Amino acid sequence: MANEEVAMAQITWQILGAGAIGCLFAAKLKQQGEQVHLVLKPNKSTSSLTLVNLDGKTHRFEVSASDKLQRQASVILVCLKAWQVTDAIKQHLTNIHPDSIVVLLHNGMGTLAPCQALLPHHRIWQASTTHGALLESAFAVRHTGQGETLIGHSQLQSLIELTPAEQPQTLNQADVVTALDDALPASRWSLNIGHAIWTKLVINCAINPLTALQQVRNGILAEAHYRPSLQRICQECCAVANADGVALKTDDLLAKVEQVIHATANNYSSMNRDFFYQRPTENDYILGYVIARAKALKITVSTCQTLYQELQHREHTLCQPPS
Ligand SMILES: NC(=O)C1=CN([C@@H]2O[C@H](COP(=O)(O)OP(=O)(O)OC[C@H]3O[C@@H](n4cnc5c(N)ncnc54)[C@H](OP(=O)(O)O)[C@@H]3O)[C@@H](O)[C@H]2O)C=CC1
Ligand SMILES: CC(C)(CO)C(=O)C(=O)O
């Protein structure tokens, strides 16, 4: 059989984090007949997953689940909040098979370097999704918004990819992306994932803090008096991204932010909900990441700094147990 006719290898998917996004990807992959294992927190268990699709139809799937990663070559989709990622990778480190691909799928930035330090010889990919998912009860997810998922790896990771002798034979990029696209379209490989992730980061820097602090839906930010703040946030983030080697333009970013505000006008941002339910936010990985890079690159980001501090103050006040 010619090489290109070789049947696609069956991929094992392990989903680390069975929250909204983890259950969405797990259920969609199951729906497509893929082999899926859910990795849960200790003391949690399930043998099924419920998915409500965009058309309102409900589907139930049997699923393998445990509090351990299975030590086998697999695609490990890390569907955690950014602040949970490093601890989770440490917790499961000994079960991450050398041939596995670890895909970091979260909002914000700042987890790649610690994960690379923990897994220096593994393929670590990054992903960004604009799908919407809501966990209606444990292991029951509603797909709330059609989006797309971009996957790619940093330049540093591509050096690992360039060593054919060390290439794991069991999983390859095209098979992984094709399987994901079949399960949850549109999913595609990005040759410049840094650009995509920075763009999403700026969208989150603009929308999440303001909607959390004001406790308003995303659509409220279309009011004219928010425009100067949105513009300053985009300008500051753009200066940092550019100095970090990522080619973004303030006007393009502002247009994207406005597009997302309109497209998600009736939604509450994730940070808004985290505030509302008094859960930890991803602030350190959203504004906090921009501020850390700005400091390293000696760039002033005063609007981001003010918003970051206000969020930290409010988060710590809100999350204090009542005295
Ligand atoms: N929901 C959405 O529509 C979208 C979300 N995103 C981003 O995707 C990421 C995931 O979001 P989302 O799914 O909503 O978040 P969730 O909080 O719903 O999911 C995270 C899940 O992982 C569990 N978990 C935490 N630590 C571990 C661990 N060590 N081992 C196993 N499981 C663990 C959590 O349990 P517990 O809750 O008990 O801690 C929770 O069930 C975030 O960065 C979010 O911003 C991006 C686009 C859209
Ligand atoms: C794009 C946006 C702002 C949609 O609400 C989001 O990603 C979030 O809420 O975290």
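Owing to the predicted nature of the structure, the values given are computational and were not obtained by experimental measurement.

### Let's talk about the sheet that holds strand S5 (residues 64-66)
If you trace the eight strands from one edge of the open sheet to the other, you get S5-S2-S1-S6-S7-S8-S11-S12, paired in mixed fashion. At either end of the open sheet lies a strand with only one pairing partner, and these are S5 and strand S12 (187-189). On average, each strand axis in the sheet is tilted by 25° relative to the strand beside it, whichever way the strands run. Two strands pair when backbone bridges link them, and strand S7 (residues 101-105) and strand S8 (residues 123-129) are joined in this way by five bridges, in the parallel orientation. By the bridge assignment, Val103 is partnered in S8 with Trp125. Most of the contacts of helix H5 (residues 173-183) go to S12, to which it runs at about 160°, and overall it touches strand S1 (12-16), strand S6 (75-78), S7, S8, strand S11 (149-152) and S12.

### Section: the packing of helix H6 (residues 193-214) against helix H10 (residues 287-296)
Geometrically, a packed helix pair is captured by the angle between its two axes and the distance between the axes. H10 packs onto H6 with a crossing angle of 115° between their chain directions and a minimal axis gap of 9 Å. Residue-level contacts link Trp198, Leu201, Cys205 and Pro209 of H6 to Leu287, Tyr289 and Val290 of H10. Residue composition of the contact of H6 with H10, grouped by class: seven nonpolar, no polar and no charged.

### Focus on the pattern of salt bridges
Taken as a whole, this structure holds eight salt bridges when the rule is applied. As a salt-bridge pair, Arg142 and Glu136 come within 2.6 Å of each other at their nearest N and O atoms. A residue is classified by how much of its surface remains accessible, and Glu136, at 44% relative accessible area, is partly exposed. A salt bridge links Glu310 to Arg314, with the nearest nitrogen and oxygen atoms 3.8 Å apart. In this pair, Glu310 and Arg314 are both assigned in helix H11 (residues 302-318), four residues apart and thus about one turn of the helix distant.

### Observations regarding the UniProt feature "domain: Ketopantoate reductase C-terminal" (unreviewed entry) in the protein
UniProt marks residues 192-314 with the feature "domain: Ketopantoate reductase C-terminal" (unreviewed entry), using the numbering shown here. Here residues 192-314 runs as 67% helix and 0% strand, with 35 Å between its end C-alpha atoms.

### Side note on the confidence of the model for the protein
Per-residue pLDDT for the protein has a mean of 92; in total, 91% of the residues score no lower than 70. Below pLDDT 50 for its whole length, residues 1-6 participates in one contact with residues either more than four positions away or in separate chains. Within the model, pLDDT remains below 50 along residues 164-168, and this stretch shows five contacts once partners closer than five positions in the same chain are excluded.

### Structural notes on the UniProt feature "domain: Ketopantoate reductase N-terminal" (unreviewed entry) in the protein
Following the UniProt record, the feature "domain: Ketopantoate reductase N-terminal" (unreviewed entry) maps to residues 14-153 here. End-to-end, the C-alpha atoms of residues 14-153 are 19 Å apart, and along that stretch the chain is 21% helix and 38% strand.

### Considering the site of ligand 1
By nearness alone, 24 residues border ligand 1, and Ile21, Lys41, Asn107, Ala133 and Glu282 come closest of all. For ligand 1, an oxygen atom lies 3.1 Å from a polar atom in the backbone of Ala20. A distance of 2.9 Å separates a nitrogen atom of ligand 1 from a polar side-chain atom of Gln91. Contact with the protein chains removes 79% of the 900 Å² of surface that ligand 1 exposes when unbound. Residue assignment for the shell around ligand 1 shows that the elements contributing at least two residues are helix H1 (20-31), helix H2 (82-92) and strand S9 (132-137). Ranked by residues supplied to the shell around ligand 1, first place goes to H2 with three residues. Tallied by class, the residues present in the shell around ligand 1 amount to 10 nonpolar, nine polar and five charged.

### Structural notes on the side chain of Asn208
Examined against the element boundaries, Asn208 turns out to sit in helix H6. The residues touching Asn208, leaving out its near neighbours within four places in the chain, are Ile203, Ser269, Ser270, Met271 and Ile286.

### A short note on the packing of aromatic side chains
Scanning the entire structure with this criterion turns up three aromatic pairs. Plain terms: the ring middles of Trp125 and Trp189 are 4.8 Å apart, the flat faces sit at 75° to each other, and that makes the pair edge-to-face. Note that Trp125 is positioned in strand S8 and Trp189 in strand S12, a separation of 64 residues in sequence. Across the pair, Trp189 and Trp125 agree in class, each one buried. Aromatic side chains Phe276 and Tyr277 sit 5.1 Å apart centroid to centroid with 90° between the ring planes, which places their arrangement in the edge-to-face category.

### Observations concerning the nonpolar core
Core analysis: the biggest nonpolar cluster contains 43 residues, and Trp198 and Leu230 have the highest contact counts within it. Where this core is concerned, the elements lending two or more residues are H6, helix H7 (227-243), helix H8 (250-263), helix H9 (270-276), H10 and H11. Looking at this core element by element, the count peaks at 13 residues for H6. For Leu230, the residues in contact, after removing those within four places along its chain, are Ala206, Leu210, Leu221, Leu254, Val257 and Ile261. If you look at the next biggest cluster of nonpolar residues, it comprises 36 residues, including Ile11, Ala26, Ile151 and Val176.

Thresholds, definitions, all that
- Sequence order sets the numbering: in each chain, residues are counted from 1 along the sequence as written.
- Think of it this way: whatever chain is written first is A, whatever ligand is written first is 1, and the rest follow in order.
- It should be noted that, the model being predicted, local features are given only for residues of pLDDT at least 70 and side-chain atom pairs only at 80 or more, the latter also being counted only at that level, while totals for whole chains, interfaces and linings use all residues.
- Hydrogens and water molecules were not included; the side-chain quantities draw on all heavy atoms of the structure.
- Any two strands with at least two DSSP bridges between them are considered paired.
- Strands are runs of DSSP state E lasting at least two residues, helices are runs of H or I lasting at least four, and both sets are numbered from the N terminus onward.
- The axes used here are C-alpha line fits, helices contributing only the stretch in contact, and every angle between their N-to-C directions lies in the interval 0 to 180 degrees.
- The criterion used for residue contact is that any of the two residues' heavy atoms lie within 4.5 Å.
- The residue classification treats Ala, Val, Leu, Ile, Met, Phe, Trp, Tyr, Cys and Pro as nonpolar and Asp, Glu, Lys and Arg as charged. All others, Gly included, are polar.
- Put simply, a salt bridge is a Lys or Arg side-chain nitrogen that is within 4 Å of an Asp or Glu carboxyl oxygen.
- Buried residues are those whose accessible area, probed at 1.4 Å on protein chains only, stays under 20% of the maximum for their type, while exposed residues exceed 50% and partly exposed ones sit between those limits.
- UniProt positions are given in the numbering used here, feature names are shortened, and annotations may be inferred rather than shown by experiment.
- A residue's pLDDT is the confidence the predictor assigns to it, expressed on a 0 to 100 scale.
- Proximity is defined per residue: if any heavy atom of the residue lies within 4 Å of a molecule or strand, that residue is considered near it.
- Side-chain atoms alone can form a polar contact between residues adjacent in sequence; in general such a contact is a pair of N or O atoms within 3.5 Å, and within protein one must be able to donate a hydrogen while the other accepts it.
- The method behind every accessible area is Shrake-Rupley, applied with a 1.4 Å probe, and residues are considered shielded solely by the protein chains displayed.
- Here the aromatic set is Phe, Tyr and Trp, taking the six-membered ring for Trp, and pairing holds for ring centres within 6.5 Å; pairs whose planes are under 30 degrees apart are stacked, those over 60 apart are edge-to-face, and all others are tilted.
- Nine residue types can take part in a nonpolar core, namely buried Ala, Val, Leu, Ile, Met, Phe, Trp, Tyr and Cys, and a core is a set of them joined through side-chain atoms within 4.5 Å.

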